[in-house]
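Overview (structure and organization)
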Amino acid sequence: MAHTLSIIQIISAIALVGLVLLQRTQGDMGGSSSEGSFMQTRRGAEKFLFFTTIIVALIFVGTSIGIILVLHK
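None of these values were measured; they are calculated from a predicted model.

**Structural notes on the packing of aromatic side chains**
For the structure on display, the rule yields one aromatic pair. Summarising the aromatic geometry, the rings of Phe-50 and Phe-51 are spaced 5.4 Å apart at their centres and angled 65° between planes, so their arrangement reads as edge-to-face. The partly exposed category is assigned to Phe-50, whose relative accessible area is 26%. We classify Phe-51 as partly exposed; its relative accessible area is 44%.

Encoded structure:
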């Protein structure tokens, strides 16, 4: 069981790094005004990447907690 969780954790860690690198940063917005970049909404692919990143992060945290629980029984 711990072996399977470790494999899932490694895959989710690699996916999480890739998803974070694909997202735009605040510097890519194009404007220097702080009020415009704060209130901008996500649309299309950016929204998909954002929610996918959250889901993969939750999977990563869940497998980390699962490995701790399995190994300390």
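**Comments concerning helix H3 (residues 45-71)**
An ideal rise of 1.5 Å per residue puts 39 Å on 27 residues; H3 measures up with 38 Å between its terminal C-alpha atoms. Of all the residues in H3, the buried ones are Leu-49, Thr-53, Val-56, Thr-63, Gly-66 and Ile-67. Buried residues in H3 make contact with helix H1 (2-22).

The rules behind the values
Residues numbered from 1 in each chain as written. Predicted model: local features only at pLDDT ≥ 70, side-chain atom pairs only at ≥ 80, totals over all residues. Heavy atoms only, no water. Phe/Tyr/Trp six-rings, centres within 6.5 Å; stacked < 30°, edge-to-face > 60°. Buried < 20%, exposed > 50% of the residue type's maximum accessible area, 1.4 Å probe, protein only. Helix = DSSP H or I, 4+ residues; strand = E, 2+ residues; numbered from the N terminus. Expected span 1.5 Å × (residues − 1). Contact = heavy atoms within 4.5 Å.

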